[in-house]
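The lines below spell out each chain.
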Amino acid sequence: MNATSEPPLSLRQLYLQQWLLLRDNRWLMAMLTWLPLFAFLAVWWVFSSGLTRELPIAVVDHDHSQLSRSLISHYNASPALKVHSVYGEPQARSMLRTGEVSALIIIPADMEKHTKLAQTPSVAAYYNSQFMVIGKQINSALQQAHGTFSAKVAVAKALSHGTTQTLQALGGAVPIRNQISALYNGNSNYAQFIVSAALPAFWQILIMTVMILALGAELKNNSFKSWLAQQAWQKLTIKLSFFGALLWLQGILLCTLMFHGFDWPMRGSWSVLLLALLLCVVASQAIALIFMLLFQNIERALSYAAALTAPSFAFMGVTFPISDMPWFAQFWRQLIPVTHYIEVQIAQANYGASAIQSVPNLLALLVFCIAFISAAWLIKIRFSNPYKMRLRS
Amino acid sequence: MNTGLLFRIELRRIMRNSALTLTVFGGLLLYAFLYPQPYLNQTPLQQPIAVINADGSQLSRQLIRMVDASPLLKVTSQVTSIEQAQQQLVEREVGGLLVIPEHFYRDVLMGRSPTLSYAGDASYFLVYGTIVQGLASTSGTLAAQVKVAKMVSDGIPLALASTLHSPIQLNANAAFNAHQGYLDYVIPAVFIVILHQTLLIAVGLHAAPTFTSQSTLLRRASPWQLVLVRSLLFGLIYSLMSSFYFGVVFSFYGVHHWANIAHICQLLLPFLIATAGLAQCIAVMLPKRGYATIVGLMTSLPTVFVCGFIWPLSSIPPAINIIADLIPAKPMVLAMLKLNQMGANFGEIQGHFAHLWILAITFSSLALALLHKQKAKATPSLNKVEKLL
């Protein structure tokens with residue numbers, strides 16, 4: 001009976017309680033202040049070079065001709081590649097196996113002779129695609145360097161065979177030219193691509209953890225009974241809004257850092273983005289709340305939150321396209337709030353999409369928020385009147 | 001306390017700790033299933049693109065048919081303006097566009113080398129790469145056909161002409177992950193990080209100082225016994241879980257096996273000791289045992305990024321690389337990728353092997369020192385309690 005005999009707390013007192021909780025818990029304080037900033041900058045720092053340059057490749061030259069030397073210097077001229085001349089093939093293969101070089105190129109003997117005789121020699125290249133980003137980059141750099149080199153050789157040949165016009169010779173050598181553009185990330189900056197998705201994924205983990213800890217502070221004997229016996233609605237609302245506001249602020253800081261600090265383009269509407277951030281906070285809070293009320297145990301709630309959020313980066317569909325995911329992955333990603341947020345962020349920041357185009361994703365986040373209110377309502381029934389519960393059971 | 005008895009006590013504590021068993025057995029089973037889900041199809045195929053055909057000739061129609069026939073691409077719409085194509089890009093209906101310029105056919109015939117423009121949405125690198133690759137190879141094929149046709153019309157026999165169209169060929173092959181599957185790229189490395197992170201959490205859940213049985217144990221057993229028994233126990237449990245991952249799960253997803261089992265075990269030994277050691281150091285500093293999960297969860301994404309398989313180590317700032325060298329997952333990922341995925345022999349990964357042993361020795365000694373300190377701090381108060389009793 002003593003739970004009901006306590007006088008109800010005013011809203012101000014309830015807020016004050018949250019502040020005291022934050023002040024006295026070093027981990028909560030860290031997670032709401034310096035830790036995310038530190039982590040955001042560290043993750044960005046890893047990718048800060050943005051572009052991979054001078055990836056080492058091994059070239060084994062069996063020809064030792066002027067032509068082969070010219071080909072090697074063409075490879076070396078590519079900003080993405082850096083040639084290591086290696087004498088023997090076994091050594092070069094070992095360098096490839098140990099990752100010392102990312103590709104191995106073998107120039108055949110008599111390449112120059114065969115070229116002059118129009119016998120089309122073939123240069124073999126093996127690029128390491130276990131490290132896929134690097135492998136793809138090397139492959140395209142090689143193709144490009146080789147393309148220009150081939151064209152030059154063909155033009156020189158045509159000119160020496162009596163074609164007088166360079167343009168005509170070029171037309172024969174390169175009948176179709178290509179112009180490639182990378183939209184929405186003009187210089188193919190890998191940092192912008194991966195960090196702008198990784199940071200929200202990290203932030204979502206943070207939201208869940210903060211909320212589980214903040215709710216966990218109210219557990220007495222592994223139960224919320226005494227805490228929620230009175231003023232359940234007010235207490236929950238105040239706690240969620242107090243920490244939610246701080247987390248939202250953190251999200252805003254995150255976006256400010258990305259779009260002003262790192263100077264990545266932001267072409268869309270900030271208000272849509274801020275709304276998406278807010279909904280993402282509430283949606284993640286909802287999940288944390290449901291886990292906590294269900295298990296009434298910090299460790300267990302954290303385990304389930306980990307299971308849901310730790311792989312969320314994989315499910316975002318940024319590194320691997322959603323359309324190529326099997327149905328289960330497509331279904332599972334719907335359950336993770338940040339996958340909906342990231343769609344809004346990409347649409348707004350990269351495409352400068354209209355607010356209407358982001359509505360479906362905002363709605364999905366809103367569904368999570370509604371789920372949160374319903375869950376809280378169910379919980380209220382469970383906790384608000386412990387005596388009734390006991391009678392029923 | 002005798003070490004055998006401590007071993008049994010610790011084993012019982014591990015088995016009774018439901019949060020721990022849930023993380024180790026449940027977590028590892030779940031991740032083995034869940035994490036590869038998005039990548040099961042390995043490579044993105046049939047990426048939708050829009051075509052703007054300003055030429056309308058037979059050759060341009062042939063090009064569009066060729067693009068559509070490429071396994072990487074699918075022409076889903078033909079539009080008349082860049083704006084329309086861009087609209088479809090924003091709505092994610094297509095991932096790229098191809099522009100065939102006016103007078104394309106005439107310019108090709110006259111040897112003026114017209115320019116095909118194509119673009120992809122670089123918000124999604126893999127999609128972008130696939131589209132660019134598909135369009136570049138199709139355009140290359142068409143160019144070769146044009147050249148051959150020209151040579152044939154100049155009187156060169158077709159069989160000869162088809163080998164002559166390029167003066168020097170480049171025969172580029174993907175080594176190792178030969179079909180360039182995303183699963184084969186991510187799984188071998190990420191699974192090591194998953195083992196690493198769950199081990200950190202598990203030890204933290206077991207050995208956090210505020211746990212009541214921890215203080216009792218600390219009073220009865222000496223720190224070296226605790227470090228030894230815990231490294232042994234978690235090492236045993238995790239060699240079981242690692243065999244499950246590297247054996248059963250790798251085989252299930254068809255991930256390549258180059259290394260022999262003995263070499264993998266040889267590598268696992270220092271890795272597990274080092275990770276268990278690091279975890280015991282972290283555990284000493286935890287205020288409550290649940291916090292181990294937080295540490296494991298928060299460090300997982302950064303750990304994946306610094307292991308050198310997503311972003312080349314040479315492009316990562318040196319300061320980060322130095323800090324990352326303290327994480328056992330990094331040398332283990334690099335060693336395992338080279339040994340098991342890239343066919344390196346054990347001699348070629350000696351550096352990583354030595355690195356793991358150094359970490360194993362360092363973290364075990366550090367854990368020992370920290371436990372000594374914790375014991376010294378705890379003993380006086382415990383003595384007081386005993387006196388009172």
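What comes next concerns the included structure. From a predicted model like this one, the values you see are computed outputs, not experimental measurements.

### Points about the layout of surface pockets
So, point 1. The space that makes up the second largest pocket amounts to roughly 1,100 Å³.
So, point 2. As for the second largest pocket, its lining consists of 32 residues, and the residues nearest its centre are Leu35(A), Phe38(A), Met298(B), Thr299(B) and Pro302(B).
So, point 3. Those elements giving two or more residues to the lining of the second largest pocket turn out to be α3 (26-32) and α4 (34-46) of chain A together with α8 (182-207), α11 (261-284), α12 (291-306) and α13 (318-324) of chain B.
So, point 4. Tallying contributions element by element places α4(A) first for the lining of the second largest pocket, with nine residues.
So, point 5. In the lining of the second largest pocket, the residues fall into 28 nonpolar, four polar and no charged.

### Quick notes on the packing of helix α3 (residues 58-69) of chain B against helix α6 (residues 125-153) of chain B
Residues and elements named next belong to chain B.
So, point 1. Between α3 and α6, the shortest axis-to-axis distance is 10 Å and the interhelical angle comes to 135°. Between α3 and α6, the angle is such that the two are oblique. In this structure, α3 meets α6 at a crossing whose hand is right-handed. When α3 is examined against α6, the residues Leu59, Gln62, Leu63, Met66 and Val67 are found in contact with a partner set consisting of Leu135, Thr138, Thr141, Leu142 and Gln145.
So, point 2. Here the residues of the contact of α3 with α6 are counted per class, giving six nonpolar, four polar and no charged.

### Considering the packing of helix α14 (residues 298-309) of chain A against α12(B)
So, point 1. Packing of α14(A) against α12(B) leaves a shortest axis separation of 10 Å and a crossing angle of 10°. When the interaxial angle is binned, α14(A) and α12(B) end up roughly parallel. Of α12(B), the residues touching α14(A) (which contributes Leu302(A), Ser303(A), Ala306(A) and Thr309(A)) are Thr293(B), Ile294(B) and Leu297(B).
So, point 2. Residues that form the contact of α14(A) with α12(B) fall into these classes: four nonpolar, three polar and no charged.

### A look at the interface of chain B and chain A
A common measure of how large an interface is: the accessible area buried when the components associate.
So, point 1. Facing 108 residues of chain B, the contacting portion of chain A comprises 112 residues.
So, point 2. Taken together, the two surfaces of chain B and chain A that pack against each other cover about 9,600 Å², and 65% of this comes from carbon and sulfur.
So, point 3. The interface formed by chain B and chain A holds 36 residue pairs in polar contact (both at pLDDT 80 or more) in total.
So, point 4. Top contributing element to the side of chain B that touches chain A by residue count: α6(B), with 12 residues.

### A short note on the sheet that holds strand β2 (residues 73-79) of chain B
So, point 1. Taken together, five strands build an open sheet; the order of strands is β5(A)-β4(B)-β3(B)-β1(B)-β2(B) and the sheet is mixed. Two strands in the sheet have a free side with no partner beyond their single neighbour: β5 (177-183) of chain A together with β2 of chain B. Neighbour-to-neighbour, the strand axes of this sheet turn through a mean angle of 25°, independent of strand direction.
So, point 2. Of the strands in this sheet, β5 of chain A together with β1 (47-53), β2, β3 (96-100) and β4 (115-121) of chain B touch α6(B), which is tilted by about 160° from β4(B).

Basis of the calculations
Residues numbered from 1 in each chain as written. Chains lettered and ligands numbered in written order. Predicted model: local features only at pLDDT ≥ 70, side-chain atom pairs only at ≥ 80, totals over all residues. Heavy atoms only, no water. 1 Å grid on protein atoms, 1.4 Å probe; cavity = no way out; pocket = protein on both sides within 12 Å on 5 of 7 lines; lining within 4 Å. Points joined across faces, edges and corners; volume = space filled by probe spheres on them. Helix = DSSP H or I, 4+ residues; strand = E, 2+ residues; numbered from the N terminus. Nonpolar A, V, L, I, M, F, W, Y, C, P; charged D, E, K, R; others polar. Axes fitted to C-alpha atoms, helices over the stretch in contact; angles between N-to-C directions. Parallel < 35°, antiparallel > 145°, perpendicular 65-115°, else oblique. Left-handed = near helix turned anticlockwise from the far one by under 90°. Contact = heavy atoms within 4.5 Å. Buried area = accessible area lost by both parts, 1.4 Å probe. Polar contact = N/O pair within 3.5 Å; in protein donor to acceptor, adjacent residues only side chain to side chain. Pairing = 2+ DSSP bridges.

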